[in-house]
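Remarks on the overall topology
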Amino acid sequence: MSAPTPRPPTDKRLLRGARTRSTVLRRAVDLASLDGLEGLSFGRIATDTGLSKAGVQTLFRTKEILQLAAVDHARDLFIAAVVDPARAEARGGERLRALVENWIVYAETPLFLGGCFRAANMTEFDSKPGSVRDALLRDQRDWRALLANQFRHAATAGEIAETDPQLAAFQLDAVLLAANTALRLDDSAVVSKVRRVLDQMLRPPG
């Protein structure tokens, strides 16, 4: 799960455009985490950011383009907050623990006003085929694949018993999604439960 490194614009007009785009997307991901991607509108974002509606619409042209850009921006922010810092840890159990600890900070802080961006939007689009659903599904698959790879490395290294890494990743992701809901309901005790679940999943063999 990685994000492309954009080339920094050099022209002043391009710099202003990049800053405006960043401002719009930062507000868009917060709104989408609260009200869902369907709740995004050029008018609301313009009002919230102090930009003109025409200016916002010039940048993104259609609501779907704005939604897709918001998904990509949320993905980039998630990778920077959760995935990239964990790369310093050894693959396997140590990296899994780092990923989960980073995820807890991401959800508790929270990085997005409404909590986990994917959790807020997957249920909204799970029955709506199209580009937005595909983008959200891609993020879910990439995240679970990352977790599965770490379970696989942990099993290969003998840190844990042989396991079905994809099933383990599905189970851990389900726990994290449930924890996100609990945190939105002010159940901070769920954090210790998440850590206990991970401890059980990473028990040494024998």
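Higher on the page you've got the structure.
What comes next concerns the included structure. (Residues numbered from 1 in each chain as written. Predicted model: local features only at pLDDT ≥ 70, side-chain atom pairs only at ≥ 80, totals over all residues. Heavy atoms only, no water.)

Observations concerning unusual backbone geometry
Residue T109 is joined to P110 through a cis peptide bond whose omega torsion reads -20 degrees. With respect to the secondary-structure elements, P110 resides in the loop between α5 (93-108) and α6 (117-125). Not every positive phi belongs to a glycine, and R61 is a case in point at roughly 65 degrees. Owing to a relative accessible area of 57%, R61 belongs among the exposed residues under this scheme. The phi angle at D186 is positive, at roughly 65 degrees, despite the residue not being glycine. Here D186 shows up in the loop between α8 (165-184) and α9 (190-201). Note on D186: relative accessible area 69%, which makes it exposed. (Helix = DSSP H or I, 4+ residues; strand = E, 2+ residues; numbered from the N terminus. Buried < 20%, exposed > 50% of the residue type's maximum accessible area, 1.4 Å probe, protein only.)

Some words on the pattern of salt bridges
For the structure on display, the rule yields 15 salt bridges. Residues E38 and K63 are paired through a salt bridge, measuring 3.5 Å at the closest nitrogen-oxygen approach. Highlighted residues: E38 in the loop between α1 (12-35) and α2 (42-49) and K63 in helix α4 (residues 63-83), separated in sequence by 25 residues. D139 is paired through a salt bridge with R75; the nearest N and O atoms lie 2.6 Å apart. Taken together, the positions of D139 in helix α7 (residues 131-156) and R75 in helix α4 put the pair 64 residues apart, joining distant regions of the chain. In this structure, D139 and R75 share a single accessibility class: buried. (Salt bridge = Lys/Arg side-chain N within 4 Å of Asp/Glu carboxyl O.)

Focus: the packing of α5 against α7
At a minimum axis distance of 8 Å, the contact between α5 and α7 shows a crossing angle of 145 degrees. Side by side, α5 and α7 meet where G93, R95, L96, L99 and W103 of the first sit next to W143, L146, L147, Q150, F151 and A154 of the second. Class assignment of the residues belonging to the contact of α5 with α7 gives a composition of eight nonpolar, two polar and one charged. (Axes fitted to C-alpha atoms, helices over the stretch in contact; angles between N-to-C directions. Contact = heavy atoms within 4.5 Å. Nonpolar A, V, L, I, M, F, W, Y, C, P; charged D, E, K, R; others polar.)

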